[in-house]
Amino acid sequence: HIDTTRKALEAGLPVLCEKPFGLVPDDARATGELARQKGLALQIAYWRRFVPQLSTLRNDLADGKYGSVQFLVCSQWDEAPPPLSFRNDSGGIYIDMGVHEVDQTLWLLGQDFTEYKTQSFPTTEDPGAQNDVDSAQALAMLSGGTSTVISLGRFYKGGDIVSVELFGS
């Protein structure tokens, strides 16, 4: 949504942008700088930053309550896949779902991703799904030494689930 956001900012409007904000980090940074220069609010709608338990976890992490954070697991699994009309234009599981886990990891830990490896389930239940998979995992190393797993999936019969597990000293 970089182009739409940029146009709104240039028109003098504050922006609350849904994800995905942008796919190219330099474009996102430049748009953020435009908002700063114009003195306008620009917020990306990552709602998990406002979940009281996650805010408490972030504060506790900043206060050193968990010691050195060695491992973080962030998972998001939906009960069932969205309709094909959405899946085929969503950008795939990492753009549709994974952006929340990535943002949550960055926000909670204040560390940047330095290395990552991804793996996706090789087939989809719905052969009409183009450029999307039913599940995917990423193993990443972060700049502060923490490793993280991001787990995403389209089939969890127990209903939509989002979870965070933290392992510290």
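Whatever comes next refers back to the structure up there.
The rules we used
- Residues numbered from 1 in each chain as written.
- Predicted model: local features only at pLDDT ≥ 70, side-chain atom pairs only at ≥ 80, totals over all residues.
- Heavy atoms only, no water.
- Helix = DSSP H or I, 4+ residues; strand = E, 2+ residues; numbered from the N terminus.
- Contact = heavy atoms within 4.5 Å.
- Areas by Shrake-Rupley, 256 points an atom, 1.4 Å probe, with all protein chains shown as cover.
- Lys, Arg positive; Asp, Glu negative; His and termini not counted.
- Charge placed at Lys NZ, Arg CZ, Asp CG, Glu CD.
- Axes fitted to C-alpha atoms, helices over the stretch in contact; angles between N-to-C directions.
- Parallel < 35°, antiparallel > 145°, perpendicular 65-115°, else oblique.
- Nonpolar A, V, L, I, M, F, W, Y, C, P; charged D, E, K, R; others polar.
- Pairing = 2+ DSSP bridges.
- Left-handed = near helix turned anticlockwise from the far one by under 90°.

Quick look at the overall build of the protein now. Secondary structure assignment for the protein yields five helices and seven strands. Dimensions along the principal axes, computed over C-alpha positions, put the protein at roughly 45 × 45 × 30 Å. For the protein, long-range pairs separated by at least 24 residues make up 73% of all intrachain contacts whose partners lie at least 6 apart in sequence. A total accessible area of about 9900 Å² is found for the protein, and carbon and sulfur atoms account for 54% of it. Charged side chains in the protein number 14 positive and 22 negative. The centres of these two groups are separated by 5 Å.

Moving on, we come to the packing of helix α3 (residues 52-62) against helix α5 (residues 93-109). For the pair α3 and α5, interaxial distance at closest approach is 8 Å and the crossing angle is 40°. Classified by the interaxial angle, the pair formed by α3 and α5 is oblique. Each of Leu54, Ser55, Leu57, Arg58 and Leu61 in α3 lies in contact with α5, whose residues at this interface are Gln104, Trp107, Leu108 and Leu109. Tallied by class, the residues present in the contact of α3 with α5 amount to six nonpolar, two polar and one charged.

Turning next to the sheet that holds strand β5 (residues 135-142). In spatial order, the strands read β4-β5-β6-β3-β7; together these five strands make up an open sheet with mixed pairing. Of all the strands in the sheet, just β4 (113-120) and β7 (161-168) have a single pairing partner and so form its edges. The sheet shows a mean angle of 10° between the axes of neighbouring strands, direction not considered.

Axis separation between helix α1 (residues 2-10) and helix α2 (residues 25-38) bottoms out at 10 Å; the angle between their running directions is 15°. If you check the angle between α1 and α2, you find them roughly parallel. The handedness of the crossing between α1 and α2 comes out as left-handed. Here Ile2, Thr5, Arg6, Leu9 and Glu10 of α1 lie close against α2, whose contacting residues are Asp27, Ala28, Thr31, Leu34, Ala35 and Lys38. Its residues assigned to classes, the contact of α1 with α2 shows five nonpolar, two polar and four charged.

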